[in-house]
Amino acid sequence: MADQISLKVVQKIAAVARERWDALVGGATPFLKWDWLDSLERSGCVNEQTGWLPHHIVVEKGGELVAACPMYLKLHSMGEFVFDYEWAEAAHRSGIQYYPKMLVGVPFTPVTGNRFLTAEGEDRGPLIQFMGQALAKIAGDNKISSVHVNFCLADERAALEAVGFFPRNGIQYHWQNRKFSSFDDYLASFRSDRRNKVKRERREVMQRGITIRAYEGAELTRDHLRTMFRLYKGHVDRLYYGRQYLTREFFDALHQRFAANLSLMLAEREGKIIAGTFNVRDDKAMYGRYWGCSEEHPFLHFNVCYYSAIEHSIKLGLDRFVAGAGGSFKQLRGLDPEHTTSMHYIVDGKFRRAVAGFLEQEREMIRRKRDMLLDHSQLKRLAEEP
């Protein structure tokens, strides 16, 4: 295959025509769309100053774009949600310069999906392997410590594992639509004690005069997006570990270019927006990303972030709601643990063997943890349902 196709690196997504890139996206998540990636670059969210330097991979055959992947040269490990800080420290102790490293993924977005885009009709597995081998060679030739492919698909794992990448598993909490036709159907899927607690949490918010509504597409105004930015920034600023990754310019750009894939859950009290979540969606799933509030109320967070998003997902007939990284409390709201996968290539042989050993132990630990969490699911088992 190598003598039939060519690969190059472009340092901005705008170097590829929007229609050519999006022709590869197909059914991938909206985060792979040209407008999303370009908005991150144009608004200053990813650049040398923020430690995310775009180096996207583009593969052509006979002048036609047949494959691509979003790739960044990383100067740190922030904003990735697959944590390798201990690897960086171990590399430093061994005299290995860990940064910069290469990352294939979507900045600040812990959502599983295609990391390697391939054209319809092309043999996907060999193309993924071709790009994986090219990434490993680029790292070796340029004395870059490692290549990381975060939140990838099963077929990408198989293809990359065949060319020397190691798999790493994680856990996220996802809501699955069991063919619900209403929020009451969703409530009926809980065990009785948890069902009553969810009802109480919903009732508490309504009794405080708070209403929550979804705003999407043409309904969204620039003021909605700017309000959401202020809520997001306020939340980040209040956290001692918080880090603002996104700019107001990014929110403005999404209003202009990406509204069809946005879904904001906004909470109002006495005519004022007091809380909201920023979600992205397609025709299959809702992806929860950012939250913020200007007033504190009991259970407001759970109602805005989870119950309203799930209720809206049921209304739209979506298959699932992906609530982002962390938060075992999500399981109490009907989101059960699912595995995530990332793939890693380490250049230095000794360090590579050490990471491989660590990952083998970690995968077993993650498997046992998910089994344990599923044993404590708040949802009825399918056999228990009438």
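In what follows, the structure referred to is the one given above.
Cut-offs used in this document
- Residues numbered from 1 in each chain as written.
- Predicted model: local features only at pLDDT ≥ 70, side-chain atom pairs only at ≥ 80, totals over all residues.
- Heavy atoms only, no water.
- Pairing = 2+ DSSP bridges.
- Helix = DSSP H or I, 4+ residues; strand = E, 2+ residues; numbered from the N terminus.
- Contact = heavy atoms within 4.5 Å.
- Axes fitted to C-alpha atoms, helices over the stretch in contact; angles between N-to-C directions.
- 1 Å grid on protein atoms, 1.4 Å probe; cavity = no way out; pocket = protein on both sides within 12 Å on 5 of 7 lines; lining within 4 Å.
- Points joined across faces, edges and corners; volume = space filled by probe spheres on them.
- Nonpolar A, V, L, I, M, F, W, Y, C, P; charged D, E, K, R; others polar.
- Buried < 20%, exposed > 50% of the residue type's maximum accessible area, 1.4 Å probe, protein only.
- Polar contact = N/O pair within 3.5 Å; in protein donor to acceptor, adjacent residues only side chain to side chain.
- Patch = residues over 30% accessible without salt bridge, like charges linked within 9 Å, V, L, I, M, F, W, Y side chains within 5 Å.
- Areas by Shrake-Rupley, 256 points an atom, 1.4 Å probe, with all protein chains shown as cover.
- Salt bridge = Lys/Arg side-chain N within 4 Å of Asp/Glu carboxyl O.
- Lys, Arg positive; Asp, Glu negative; His and termini not counted.
- Charge placed at Lys NZ, Arg CZ, Asp CG, Glu CD.
- Parallel < 35°, antiparallel > 145°, perpendicular 65-115°, else oblique.
- Left-handed = near helix turned anticlockwise from the far one by under 90°.

## Observations regarding the sheet that holds strand β1 (residues 6-10)
Consideration 1: If you trace the four strands from one edge of the open sheet to the other, you get β1-β3-β4-β7, paired in antiparallel fashion. Both edges of this open sheet fall to β1 and β7 (117-118), since each of them pairs with a single strand only.
Consideration 2: In the sheet, strand β4 (residues 64-69) pairs with β7 via two bridges, with the strands oriented antiparallel. In the strand pairing of β7, A68 is matched with L117.
Consideration 3: Along the sheet face, helix α1 (residues 18-25) touches β3 (56-61), β4 and β7 and points at about 70° away from the line of β4.

## As for empty space enclosed by the protein
Sizing a probe to match a water molecule and rolling it over the atoms shows the empty space that remains.
Consideration 1: Taken as a whole, this structure holds one cavity of 30 Å³ or more when the rule is applied.
Consideration 2: Looking at the largest cavity, its volume works out to about 60 Å³.
Consideration 3: Of the residues in the lining of the largest cavity, the class split is five nonpolar, four polar and two charged.

## Here we look at the sheet that holds strand β5 (residues 71-74)
Consideration 1: Ordered by their spatial adjacency, 11 strands build an open sheet running β2-β5-β6-β8-β15-β9-β14-β13-β12-β11-β10, and the pairing between neighbours is mixed. What marks the edges here is a single partner per strand, and that holds for β2 (52-54) and β10 (210-216). Ignoring strand direction, the axes of neighbouring strands in this sheet form an average angle of 30°.
Consideration 2: Note: β10 against strand β11 (residues 262-269), seven bridges, orientation antiparallel. Residue pairing for β11: I210 is matched across the bridge by R269.
Consideration 3: Against the sheet, helix α10 (residues 300-316) touches β9 (166-176), β10, β11, β12 (272-281), β13 (285-293) and β14 (320-322), its axis set at about 155° to β13.

## Things to note about the side chain of R124
Consideration 1: In this fold, R124 is placed in helix α4 (residues 124-141).
Consideration 2: R124 sits in the buried class, given a relative accessible area of 17%.
Consideration 3: Here the side chain of R124 touches E156 through a polar contact of 2.9 Å, side chain to side chain.
Consideration 4: Non-local contacts of R124, meaning those with residues more than four positions away in its chain, are made with N114, F116, L117, T118, L153, D155 and E156.

## Concerning the pairing of β5
Consideration 1: Burial of the side chains of β5 extends over both faces: M71 and L73 are buried on one face and Y72 and K74 on the other.
Consideration 2: In the sheet, β2 pairs with β5 via three bridges, with the strands oriented antiparallel. Paired with P54 across the two strands is Y72, which belongs to β5.
Consideration 3: Two elements, β5 and strand β6 (residues 101-104), share four bridges in a ladder whose sense is antiparallel. Across the sheet, L73 pairs through a bridge with M102, a residue of β6.

## A word on the layout of surface pockets
Consideration 1: Of the volumes computed, that of the largest pocket is approximately 1000 Å³.
Consideration 2: Those elements that place two or more of their residues in the lining of the largest pocket are α8 (222-238), β12, β13 and α10.
Consideration 3: Residue contributions to the lining of the largest pocket peak at four residues, all from β13.
Consideration 4: Residues that form the lining of the largest pocket fall into these classes: 20 nonpolar, 11 polar and four charged.
Consideration 5: Reported here for the second largest pocket is a volume of approximately 440 Å³.
Consideration 6: Around the second largest pocket, the lining comprises 20 residues; the ones closest to its centre are F81, F83, N169, G170 and I171.
Consideration 7: Put simply, the parts of the chain that give the lining of the second largest pocket at least two residues each are β9, β15 (336-346) and α11 (349-375).
Consideration 8: Partitioning the lining of the second largest pocket into residue classes produces eight nonpolar, nine polar and three charged.

## Describing a positive patch on the surface
Consideration 1: A cluster of basic residues, K197, K199, R200 and R203, forms a positive patch on the protein surface.
Consideration 2: Within the element layout of this structure, R200 appears in helix α7 (residues 192-207).
Consideration 3: The class for R200 is partly exposed, based on a relative accessible area of 41%.

## With respect to the packing of helix α3 (residues 85-93) against α11
Consideration 1: One can describe the packing of α3 onto α11 by two numbers: an axis separation of 11 Å at closest approach and a directional angle of 150°. For the element pair α3 / α11, the angle class is roughly antiparallel. The crossing of α3 and α11 is right-handed. From α3, W87, A90 and A91 reach across to α11, where they touch F351, V355, F358 and L359.

## A look at unusual backbone geometry
Consideration 1: In this chain, Y99 is followed by P100 through a cis amide linkage whose omega measures 5°.
Consideration 2: Position of P100 among the secondary structure elements: in the loop between α3 and β6.
Consideration 3: Within the chain, F108 stands out as a residue other than glycine whose phi angle is a positive 60°.
Consideration 4: Inspection of the secondary structure assignment puts F108 in the loop between β6 and β7.
Consideration 5: The backbone phi angle of K179 is positive, close to 60°, even though this residue is not glycine.
Consideration 6: Take K179: it is sitting in the loop between β9 and α6 (183-188).
Consideration 7: Judged by relative accessible area, which is 81%, K179 ranks as exposed.

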